[in-house]
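The lines below spell out each chain.
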Amino acid sequence: MSVSIYKEYFNPSNPNENIPLRDPILCKQNPPELTIALKSSDTYVLVVMVYGINVTSEFSIFAFGPGTVAFKNISYPPVIRKPYSSATQVNYSSELTTNSQTYSRDCQKSNYYYETIQMHVVETGYYALSSSSKVNTFGDIYKDDFNPMNRFENLLKHDLICNFEDFHFAAYLHTGTTYILVVTTRYPNMTGNFSILASGPYNITLDPHTQVLTSCFVGQKCQFYKKSIGVTLDDILRDEIRPNMTMADQTILLKINAASTMTMFVGGFINSLCSLLTFQNKDLRQVGCGIYLLASSITSFLTISMFTVKFWFVVLTQMDLSIRLSVVRGGCVSIEPLLKLCLYLDAWLNACIATERAILVFKGIKFDKQKSQRIARWIILILPFCIMSSIIHEPIHRELHEVNTETNKVDINRYCLTRYSPSIQQYNTIILFFHLVAPCIVNLCSALFIIFGSAQQRSTAQTRRTLREHICDQFNEHKQLLISPIILLILSLPRLIMSMLSECVNPSNHRLLFIFGYFISFTPSMLIFIVFVLPSELYRKRFQETFRRR
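Residues numbered from 1 in each chain as written. Predicted model: local features only at pLDDT ≥ 70, side-chain atom pairs only at ≥ 80, totals over all residues. Heavy atoms only, no water.

- An unreviewed UniProt entry lists the chain under the name G-protein coupled receptors family 1 profile domain-containing protein, with Adineta steineri as the source organism.

Structure representation (structure tokens):
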């Protein structure tokens, strides 16, 4: 028996003229049930039809609700319609096996085997779908795509249970639209053969559909959370860490990452210590450049330290699930923003060094050292607040979510996620580009200005040589100023690319590549001494003198 409800009127000659408020409910053997919200000021037409051709039957209607429902029989003249041709009926047969994909249909158990079938219609209209099997199949129709992590996303037609029969329903399908029919069972862990009969006024095609599972969500069953754009260290290591096991029982890859992290920490400490020994000399801090380099020596060590803290926080909180929730939540909210603060501050200090050198070339003998010192101190004081204000949205939108595991209700999985609205996500992308790319551009432009500016000044004083010859000389003399920002930009690109990747990218498919890209993006914080001290004869001499005195 089929039940439909229309608003205002029903035209039996053209049922598609007025779309029903709810798609018809078809129950082959048992009476259907319909729940719908109705307004007292409107008129509704309830259409009851038997399942099959030339079949009659008695029926009763029971209505329940907050008010009284009045029924009035409406007689329509008989309508003679040409029966559907054989081309309007399509049979599809398949089988659910233990190799079929599974999902959680009822948010309680996730082992429901299912198959996805793609449907296309050549003309818009009502189409009936019925299943026949021995395993009591259950069906849903989705528009465009089916997401097994969120079975309500894109849901178009839901199978209404008719006392646990195979599904039978009708749906109004539009031409040019892709529909996905999901066939599963009413009980978990059931397998078996099934067949589907699709009929309607026009041709309909049913084709097997390969479901492409994505990593847009994390979680289990109906405890899922949509990831934000970008790949983080949490995403890279999440499936690599074995919970409730010691470091000795972890994978070789995780042990190598731990050793690499500590190696980078030691290298960063030595780099910062050597730089501090160099720039603690007051003679080198008579101009702003020396002050910037001293501050950069400190921030580079803070960056590599926060990187180490981030790595061990992710590892330990996944290894030891007994760590207090408040500790995990505090680290989730604070560590990543602090790491970005140190990373961006280090990059902008390098840009300030390049800008100071360019101003020195431009001013020449008119360069004011006292003013340069004052400006440098103010910038170092203000810059952290400016950077933090630009990324303040991160700790606000970072959340910790807990999901119970299916095997043990006591064990939990913890997910540290950033969830942005579209406008905040757009702002975050702009800020990311600005802090990672802008300092490199400033470095590059300053280096070009130093080369061409110095060449112009020398060509004015030494007229016997051409400007082009002076440019070549200056390029050979200051080529490290061009090479350094280019190297820093290349090293920053992996982090920029990973931050822009789709939320549906699964890092486990190329874990080594993601780990290498993430780790290498922090190597600029280990190169302050190599980039700025070793190429300079003055800085190198001061370092040697200080080191001998120690």
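## So, the overall build of the chain
And then number 1: Check the secondary structure of the chain and you find 11 helices and 17 strands.
And then number 2: Sorting the 550 residues of the chain into buried and exposed places 45% on the buried side.
And then number 3: Contacts in the chain between residues at least 24 apart in sequence constitute 75% of all its contacts with a sequence separation of at least 6.
And then number 4: In the form shown here, the chain has an accessible surface area of approximately 29,700 Å², with 59% of it arising from carbon and sulfur atoms. (Helix = DSSP H or I, 4+ residues; strand = E, 2+ residues; numbered from the N terminus. Buried < 20%, exposed > 50% of the residue type's maximum accessible area, 1.4 Å probe, protein only. Contact = heavy atoms within 4.5 Å. Areas by Shrake-Rupley, 256 points an atom, 1.4 Å probe, with all protein chains shown as cover.)

## Points about the packing of aromatic side chains
And then number 1: Within the structure shown, the criterion is met by 16 aromatic pairs.
And then number 2: Seen in terms of ring centroids, Trp348 and Phe434 are 5.3 Å apart; in terms of plane orientation they differ by 40°. Their pairing is tilted. One end of the pair, Trp348, is in helix H4 (residues 325–363); the other, Phe434, is in helix H7 (residues 422–461), with 86 residues separating them in the sequence.
And then number 3: When the ring of Tyr518 is compared with that of Phe522, the centres are 5.4 Å apart and the planes differ by 55°; the resulting orientation is tilted. Each member of the pair, Tyr518 as well as Phe522, is classed as buried.
And then number 4: Each member of the aromatic cluster is reached from another via a ring pair, and the members are Phe307, Phe311, Trp312, Tyr518, Phe519 and Phe522. (Phe/Tyr/Trp six-rings, centres within 6.5 Å; stacked < 30°, edge-to-face > 60°.)

## What about the UniProt feature "transmembrane region" (unreviewed entry) in the chain?
And then number 1: Under the UniProt annotation, "transmembrane region" (unreviewed entry) lies at residues 252–279, 291–316, 375–392, 430–455, 481–501 and 513–534.
And then number 2: From the first C-alpha to the last, residues 375–392 spans 25 Å; its make-up is 89% helix and 0% strand.
And then number 3: Structurally, residues 513–534 comprises 64% helix and 0% strand, and the distance from its first C-alpha atom to its last is 31 Å. (UniProt positions renumbered as here; feature names shortened; annotations may be inferred.)

## Structural notes on unusual backbone geometry
And then number 1: Although it is not a glycine, Asn136 adopts a positive phi angle of roughly 55°.
And then number 2: Its place among the elements puts Asn136 in the loop between strand E7 (125–133) and strand E8 (137–143).
And then number 3: Owing to a relative accessible area of 25%, Asn136 belongs among the partly exposed residues under this scheme.
And then number 4: Residue Asn244 is not a glycine yet carries a positive backbone phi of 55°.
And then number 5: Position of Asn244 among the secondary structure elements: in the loop between helix H1 (233–237) and helix H2 (252–279).
And then number 6: Relative accessible area serves as the criterion here: at 47%, Asn244 is assigned to the partly exposed category.

## Re the pattern of salt bridges
And then number 1: On inspection of all chains with the given rule, the structure shows 5 salt bridges.
And then number 2: One salt bridge in this structure joins Glu240 and Arg511, with 3.1 Å as the shortest N-O distance. Placement of the pair is Glu240 in the loop between H1 and H2 and Arg511 in helix H9 (residues 511–520), with a sequence separation of 271 residues. This pair shows no difference in class: Glu240 is buried, exactly as Arg511 is.
And then number 3: The partner of Glu394 in a salt bridge is Lys340, and the shortest N-O contact between them spans 2.5 Å. On the criterion of sequence distance, the pair formed by Glu394 in helix H6 (residues 393–397) and Lys340 in helix H4 is long-range, its members being 54 residues apart. The burial state of Glu394 is the same as that of Lys340; both residues are buried. (Salt bridge = Lys/Arg side-chain N within 4 Å of Asp/Glu carboxyl O.)

## Observations concerning the environment of Thr178
And then number 1: Residue position: Thr178 is located in the loop between strand E10 (168–173) and strand E11 (179–185).
And then number 2: As for Thr178 and Gln118, which are separated by 60 residues in sequence, their C-alpha atoms are 7.0 Å apart.
And then number 3: In contact with Thr178, not counting residues within four places along its chain, are Gln118, Met119, His120, Tyr142, Lys143 and Asp144.

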